[in-house]
Amino acid sequence: MKKIIFTALIITIIFLNIVSAQRKLKYKDAYDFILKGNNEKSYSLLLEYQKQDPEFINTYFQLGAISYNWAKNYDPLTDMELVEYFIYNTKLFYGLGVGKLRADDKDARKNSDFYQNEESFKAIEKLEYEDVNALMNQRIEDIKKHDTYVHQIAQNFNQSIDYYNKCTKIFMEINQENTKIKDIYLAASTDLTAKIHDIITYYDSAIFFFEKYKTDIKNYPIKNYNQNLVIKQIETFRLEGLTSANFLEENILIWDYKSWATDLKDVIDKNIENLRKELVNTNKEIATKEITLAAAKGYSDALTGFELDEKLIFRIEKFDYQSIVSTLFEYRDIKVDMILQNKKTFNNYMDTINFLALEKKAKNHYITLDLYKKSDSLLNILQNRAIDKNIKKYNDFFTDNYAGATGIKKYPENEKKAIKTLLNTNFDNLRKSILFNRKVFQTDQILKFNTEEIYTSIKKPDFKTNTLKKYYTLKSAVSEKGEYYITGYYQQAAATQIFVAKTDKTKNVLWLKTTPISPGNFEYGKLFAYNQNDMLVVAHSENITKHKNFIYKFDNTGTQTYKIDIYQTKMPQYLQYDDINDNCLIVYKGTDFNGFYSKTDTITIEKMNLADKKLQWKKDIIIKGNVFDIVKIDTVYNVFCNFATYQDQTGATKTSKADIKSGSSNIVIIQITDSGNILKFKEINATTAFFGIAAIKIDSETINIVGLKTAEKDIYNLKLDNADEIYYQIINAKLENIYTN
């Protein structure tokens, strides 16, 4: 409003300048407007008259009086420029008036009528120089005092506003950069910490200058101002603290930025700083453990892993839910477990001192697979969380330890390769364990028992060129105690005898037994199974005209406890012994020692009750392939076969999708009940060749299939370090796939 009046005044002056060119202004015209109280009009006329008659003293008196009133009446909090303008004019015009009045001290008396608008002069009967001079000097001093006070008031007032607005600005910047308060905690970089400190300092300054302003207006009231601060707490980070304050209102609503910033700073100082140190230390400890384990030579169960502090993860998640760092640490913890798992003694396939049964080894390798799947899943989560917003929270940590944002973004991809290598090492160790289990004497050795010699190398029987009076091994195995069990044949001139033997851990032969000779017959132990009390041997006998089979049982001293004649002429290829229920399952095929692919033939599966020495049932299956393992779960036998072709229960011929001309195969699983009924055939088919070498029961719901991704080979002559890629699969009891490498 006042600025509009001042603008109108300027326009009036311009207009009067134009008019003055046409006529001369009389002082009484201006003075009449003063008496009417029209200061705007009279001010402009007085300025014009001053140009017309610069020596007329009352002009300066009246201009000074109007400027004085306006300087006092304008609001220094909103119109400081006008206040300053009229303070200047007050001092200017009154100063000129004092000077000119000194030169003409009779003016007060001579022109007393033009001073009568001044209220303080009305009571003076005869106005004198001293009266007018005193008033003008007094007002000059008063306006100087006013000048000092209003500048001090305005300065404190505006500084309070400025500092408060700085708080608002910084708070809004933080608010825009963070979607929730927890995002700030771990992202509290040096810059952010400085901003939080600035908020506290600026807020204190805003309050300090407002209190000074309150004291000023109490001592020198202006425009009836008497504001009070109403302080509101910031309870919802994204919704509150975002509005500015109107400091001209009687009750000024301001946000308590200091309390918010102080609380935030307390969390950072008391929790986050310590947490950051823990992150650095934990990362260093994991990295050191990882390097130490990776560098460890050989195998040992004495090595220890890394125990991730779950409380640390809780504290991270408390301040940063679904944190990138908690996922990183959880992954690295599991990776250390994978490295440790690969260093344990069960990986040492040739360790006969701490020997584990293949089933127990497979369970340990399955644990490694489980760790791999967990770590791979965590890497996927880590990859999804490796975005700028999340990385920013730990900028210094990632810069110092993971080559910054670029490094942590590439980390999941690189680590996927690393854990895949660990998994492949795990698979390879299992493959070697299985092959070693098939052929525990990897090098040709001669074991001696008194004067007798046992050749441990497994070869297809050669009855024509073998050295007489020697023992030749056809199957061997190592128990968990490190004891070796062996069977094969003793070479005579025109016949062979079945032999069985047992050694201690150091391969010293404890006992060596042979069956009675049958002249003209070549007999040999083909398969066996054992426990701590017994050794069950399936033996084969052949001559020019016929083949036949026997089952022998020996106790733990090598004494024969019984012999069962089996009226099955095919070659025994697989034995499963159930010592608890005293029965066995034997698979027969062809007449060749190990010629699984010589022709399409019928495999015969027979179940024998050993207690009454009777055949319980048998099943014939036409297949070009072989049975490589049998796993019983509950009352169902799962018969695992490599196949090129086979006939299912309907008589339909099924063919492997691999190239059968090259000897390639896939796998079929035949489910047979305990009573001998075929439930189903389940194929594991692929266009690329692979064949199974073992199927291992992990638990009542899980089976591990292990093989090689190549055309079928004689596993007895495979080297442990062959380059063929392992085939590894996990299926459930329903034969559904869980994992395939």
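From a predicted model like this one, the values you see are computed outputs, not experimental measurements.

S.K.: Outline the nonpolar core, listing residues and values.
M.R.: Of all hydrophobic cores here, the largest spans 136 residues; its most connected members are Trp-260, Phe-329 and Phe-398. Those residues within four positions of Phe-398 in sequence are excluded, and the remaining contacts are Ile-324, Val-325, Leu-328, Ile-391, Ala-403, Gly-404 and Ile-408. One finds Tyr-574, Ile-605, Ile-621 and Ile-670 within the second-largest nonpolar core, a separate group that totals 19 residues.

S.K.: Please set out helix 16 (residues 404-438) residue by residue, giving values where relevant.
M.R.: Counted at 1.5 Å a residue, the expected span for helix 16 with its 35 residues is 51 Å, and the 51 Å between its end C-alpha atoms agrees. Along helix 16, the sharpest change in direction is near 40 degrees and occurs at Tyr-411; proline Pro-412 comes one to four residues later.

S.K.: Before we move on, can you summarise unusual backbone geometry with the specific residues and values?
M.R.: A positive phi is found at Asn-450, a non-glycine position, where the angle reads about 60 degrees. Summarising the element assignment, Asn-450 is placed in the loop between strand 3 (446-449) and strand 4 (452-455). A positive phi angle is found at Lys-507, which is not glycine, with a value near 70 degrees. Assignment of secondary structure puts Lys-507 in the loop between strand 7 (496-503) and strand 8 (509-514).

S.K.: I'd love a proper account of the layout of surface pockets, names of residues and values included.
M.R.: There is about 230 Å³ of room inside the second largest pocket. Around the second largest pocket, the lining is made up of 14 residues, and of these Arg-276, Tyr-394, Asn-395, Asp-396 and Phe-397 lie nearest the centre. Looking at the lining of the second largest pocket, the elements with two or more residues in it are helix 10 (257-295) and helix 15 (395-401). If you tally residues by element for the lining of the second largest pocket, the top one is helix 15, at four residues. Its residues placed into classes, the lining of the second largest pocket shows seven nonpolar, two polar and five charged.

S.K.: Explain the environment of Tyr-402 to me, using residue names and the numbers behind them.
M.R.: The topology assignment puts Tyr-402 in the loop between helix 15 and helix 16. As a C-alpha pair, Tyr-402 and Asn-384 span 18 residues in sequence and 17 Å in three-dimensional space. Other than its neighbours up to four places away in sequence, Tyr-402 contacts Asn-283, Leu-328, Arg-332, Phe-397, Gly-407, Ile-408 and Tyr-411. Looking at Tyr-402, its side chain comes within polar contact range of the side chain of Asn-283, at 2.3 Å.

Scoring rules and cut-offs
- Throughout, a residue's number is its position along its own chain's written sequence, starting from 1.
- The predicted origin of the model limits local features to residues at a pLDDT of at least 70 and limits the giving and counting of side-chain atom pairs to 80 or more, whereas totals for whole chains, interfaces and linings rest on all residues.
- Neither water nor hydrogens contribute to the side-chain values; these are computed over all heavy atoms in the structure.
- Put simply, a nonpolar core is a bunch of buried Ala, Val, Leu, Ile, Met, Phe, Trp, Tyr and Cys residues held in one set by side-chain atoms that sit within 4.5 Å of each other.
- Residue exposure (1.4 Å probe, protein chains only): buried if accessible area is under 20% of the type maximum, exposed if over 50%, otherwise partly exposed.
- We call two residues in contact whenever any of their non-hydrogen atoms come within 4.5 Å of each other.
- We count a stretch as a helix when DSSP gives it H or I for four or more residues in a row; a strand needs E for two or more, and each element gets its number in order from the N terminus.
- Take the number of residues in a helix, subtract one, and multiply by 1.5 Å to get its expected span.
- What is called the bend at a residue is the angle between a pair of axes, fitted to the seven residues leading up to and ending at it and to the seven starting from it.
- The distinction between a cavity and a pocket rests on a 1 Å grid over the protein atoms alone: a 1.4 Å probe fits inside a cavity but cannot get out, while a pocket stays open yet meets protein on both sides within 12 Å along at least five of seven lines, and a residue with an atom within 4 Å of a point counts as lining.
- Grid points are joined across faces, edges and corners, and a volume is the space filled by probe spheres set on the points.
- Residue polarity follows a fixed list, in which Ala, Val, Leu, Ile, Met, Phe, Trp, Tyr, Cys and Pro are nonpolar, Asp, Glu, Lys and Arg are charged, and the others, Gly among them, are polar.
- Side-chain atoms alone can form a polar contact between residues adjacent in sequence; in general such a contact is a pair of N or O atoms within 3.5 Å, and within protein one must be able to donate a hydrogen while the other accepts it.

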